[in-house]
Amino acid sequence: MNIIYRTIAFIAFSFVFIHINASIDNYNITWEGQSSNSSGSMPCGGGEIGMNVWGENGDVLFYFARSSAFDENNALLKLGRVRLHLSDAEFNAHFKQVLTLRDGCVRIYGANNTVITFWADVFHPVIHVDIKSDKAQTLKVDYENWRTTDYTAHGEDAHFCGMKGGKEDVTIHPDLVGFEGNQILFYHRNRDDFIFQRTVDIEELQDVKGLLWNPVKNRTFGGLIEGSSLVPAGCGNGHYIDTGFHSWSLKSAKPLKEHHLTITTHIAQTATLAEWKSSLLELQKRQLKSTSYDRKASQKWWQQFWERSYICVDDNTNNADDNNIAWQIGRNYQLFRYMLACNAYGDSPTKFNGSLFTFDPKFVKGGIKMLTPDFRQWGGALATAQNQRLVYWPMLKSGDWDMMDSEFNFYLRAQHNAELMTQSYWGHNGACFTEQIENFGLPVAYCYGMEPRTGLRPRGKQANAYCEYLWDTVMDFCLMMLRTNTYEGRDVKTFIPFIESCLTFFDEHYRMLALQRTTQPFDRQKHYVLYPGTAGETYKMAKNSSQTIAALTTVLTELLALPHEYLSSEQRSKWEEMLSHIPPLPFRYMEGLHSKGGSQRKEEQYWSDGKMYKTIAPAETFERLMNIEINQLYPVFPYDMYGMGRPDLEVARDTWRYGVDQPRWAKNRHESWHQDAIFCARLGFIDEARDLVIRKLQNGRHRFPAFWGPGHDWTPDHNWGGTGMIALQDMVMQTVGDSILILPCWPKEWNVKFKLHAPKQTTVEVTYTNGQVADMKVSPAERAKDVIIMCNKEHGQAVNSAFDSTLYY
């Protein structure tokens, strides 16, 4: 019996292996001909390295970046740009560029069977460029750096760090670059810790400054460029797009048929430059000895990555056409997941506004001029929680749990600082995380307010009208941490102190505020009075925000649902008591207004059916509207209190239909962080979900299809891609308790094959063809009883008898 089981398991594994590799090859990107500029670049990377690769005017260029290259201002700086020139590749006449997803490589083809292969070591911070051709050629390598003198900015031009919009100048200092033997050494060592010191002073936290963790001081980032038979070939100057640069060149001593170029990078906080350089040399020494092994290890990682999960829409030879919109969105789902994997193990999380793949800002927003390739809006080390969460939520179902640690560690490192800030401002316990924070956990300066304080605004009160009192978005990450337990089977004990500290802040803070107003910490129902508060950036000065209530309720419920070994009896009693004090969600009745069609932003586009509908309210009360979020549907996503298979589905559906306060501006949006596609998928609105996910995942405006944006943020917009991933996942599979809903919101006309992950360490593979589920596999086998096939059915119907578990196992 055991032998039979292992044989079946091997056959099943082989089938999946062949299928996914065949499918993933359909999604490779091939370009015939060079690009006009960096906006026509192709992403390449792995581990924690990102490159933008493109051909232009007979040369091959690439930007390269890492996730923690933060300078004195916490600006995220690129490591530089490299230009390759081969003497006989004839790229102006013969040029083809291919992204091969199977192994994560970009390859460029030219005359004389020239092939340039770009790959990043997944497990070590090293870039490899391998060149082969039938004819011996001379290679010239130019390292181009635009940070050669002090660069000063202020106001909106300082968007690259947390000082944007202020009156004081912010200076990016130059890098140091030079030849070291036959290599190029480049690095930036922070001269001071300006952003840390200035932020602490602006936010009046001098009393705890000496206790705060400081990731800025003594940070150095850079690397070494070397290649087989390359020797120094002088320096030069040039201009690319809006930015002047200096260049340092290496050239092959003689023509060769093969060239190998490596860039070894290193980022660390060290007491001296010598320590950093010594570690860099050790990294380089190791990789030069183990390149062949590292290549195989990286290839194996990519193979396993593509075997974890997939969603392939209309995927067969006849439909593999970029003009087929269903196939296109499936292809772009895979491309975006590839981009996320390029920072799988970054010390810092993947930034929502471009990650490692930004390019010259002139091609993102036309009005921006004379800014360097380092520029992006909402830049630097700051994290905007509502945006960042959308990058990481899809990783649960895709099985990319190892890639979530970068985001989790970001918060874990900052916990102590957030607790010190709470103690300093308010004298109680708990970690307070505001919506926009630096990587050391304090609010970014422009959100706190850079103008001198007056008596009307006490310490700790943010001066940003959008972000004031927005403290609950950290709960998304608390919930993700908890769910790695049931999705992955992870031991989450290291997360418990963090989650408890975040909950403690809400418990003690709102008791404190109540006792400042009256003698009682709760209202007459023994509930917290969550005021002042907010529902996202939109419903301001809110009392009992539905977003906050849903966040606290869900996190507390799932914390208490953990196996008993995670919490002592005292801890359980404490959090059970807190849960009992959470107020119920607020509701309101809204008029049944229906769209007449036409532009959503024109007046008089609605007619009334004369009825009133119960909907989820954004808050019990609020004083003003600031943004265009639909926070009253956060109990649907991400907090899973409403949706298909859950109670009172029509209340949530009516909230979408009639409960949006700014329907002309806030509803049916797809760009950037808008979650409308997710809401519609979870509420079972098939037509709306289909149309919105098409707008989410169809080709972007740049040459690489998944370079979406800029939307509200920057290009490539990763919270745009993240929301698209979540919506597509929810269209094919949702989970409610132990139940697994298959195709709960799927267009009948689209064929699909998918493999996704569900709670209880479950994987589900489904093939849906011509309106029918043709094949399904569930692992472990005992979870098959929890599957409910939803296509053409209402939730609650039994699984079709044709899909008895004996058919699959």
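All of these numbers come straight from a predicted model, not from anything done at the bench.

## Side note on helix α14 (residues 649–658)
Within α14, eight of the ten residues are buried, which leaves the element mostly enclosed by the surrounding structure. When we look at burial in α14, the residues that qualify are Leu649, Val651, Ala652, Arg653, Asp654, Thr655, Trp656 and Tyr658. Next to the buried residues of α14 lie β24 (587–595), β25 (606–616) and α16 (676–683).

## Observations regarding α16
Within α16, eight of the eight residues are buried, leaving the element largely enclosed by the surrounding structure. Residues of α16 that are buried in the fold lie against α14, α15 (663–666), α17 (686–697), α18 (718–732) and β28 (733–736). Just past α16, the residue Gly684 takes up positive phi, approximately 80 degrees.

## Digging into the packing of aromatic side chains
Applying the stated criterion across every chain yields a total of 46 aromatic pairs. Ring plane angle 35 degrees and centroid distance 5.5 Å describe the contact between Trp54 and Tyr63, whose orientation is recorded as tilted. A relative accessible area of 0% places Trp54 in the buried class. Their ring planes at 80 degrees and their centres at 5.4 Å tell us that Phe410 and Tyr411 sit as a pair that is edge-to-face. Grouping residues by exposure puts Phe410 and Tyr411 together as buried. Taken together, the aromatic side chains of Tyr425, Trp426, Tyr448, Tyr469, Trp471, Phe505, Phe506 and Tyr510 make up a single cluster linked through ring pairs. The lysine or arginine in question, Arg295, covers the ring of Trp119, its NZ or CZ lying 4.7 Å from the ring centre.

## Regarding the sheet that holds strand β9 (residues 126–137)
Spatially, β1-β6-β7-β8-β9-β18-β15-β14-β13 is the arrangement adopted by the nine strands of the open sheet, whose pairing is antiparallel. Either end of the sheet is taken by a strand with one partner, and the two such strands are β1 (29–32) and β13 (176–180). Mean inter-strand twist for the sheet, computed between neighbouring axes without regard to direction, equals 15 degrees. Sheet strands in contact with helix α3 (residues 273–289) are β9, β13, β14 (183–189), β15 (219–227) and β18 (256–269), and its direction is about 145 degrees off that of β18.

## What to know about the nonpolar core
Burial of nonpolar side chains together is a common tendency in soluble globular proteins. One finds Leu84, Phe118, Met475 and Ile742 to be the most contacted residues of the largest nonpolar core, which totals 221 residues. Ignoring sequence-local partners within four residues, the contact set of Leu84 consists of Asp59, Val60, Phe62, Ile116, Phe118, Val129, Leu139, Lys140, Val141 and Leu261.

## Concerning the pairing of strand β19 (residues 310–313)
Burial along β19 is two-sided: Tyr310 and Cys312 facing one way and Ile311 and Val313 facing the other are all buried. Of the strand pairs in this sheet, β19 and strand β30 (residues 752–758) are connected by four bridges, and their pairing is antiparallel. Note that in β30 the partner of Val313 across the bridge is Val752.

## Quick look at the pattern of salt bridges
For the coordinates displayed, the defined rule picks out 48 salt bridges. Arg191 is the salt-bridge partner of Glu72, the closest N and O atoms lying 3.7 Å from each other. Taken together, the positions of Glu72 in the loop between β4 (59–66) and β5 (80–86) and Arg191 in the loop between β14 and α2 (194–202) put the pair 119 residues apart, joining distant regions of the chain. Exposure remark for Arg191: the relative accessible area of 46% places this residue in the partly exposed category. With a shortest N-O distance of 2.9 Å, Lys277 and Glu180 are connected by a salt bridge.

Reading the values: rules and limits
- Residues numbered from 1 in each chain as written.
- Predicted model: local features only at pLDDT ≥ 70, side-chain atom pairs only at ≥ 80, totals over all residues.
- Heavy atoms only, no water.
- Buried < 20%, exposed > 50% of the residue type's maximum accessible area, 1.4 Å probe, protein only.
- Helix = DSSP H or I, 4+ residues; strand = E, 2+ residues; numbered from the N terminus.
- Contact = heavy atoms within 4.5 Å.
- Phe/Tyr/Trp six-rings, centres within 6.5 Å; stacked < 30°, edge-to-face > 60°.
- Lys NZ or Arg CZ within 6 Å of the ring centre and 35° of its normal.
- Pairing = 2+ DSSP bridges.
- Axes fitted to C-alpha atoms, helices over the stretch in contact; angles between N-to-C directions.
- Core = buried A, V, L, I, M, F, W, Y, C linked by side-chain atoms within 4.5 Å.
- Salt bridge = Lys/Arg side-chain N within 4 Å of Asp/Glu carboxyl O.

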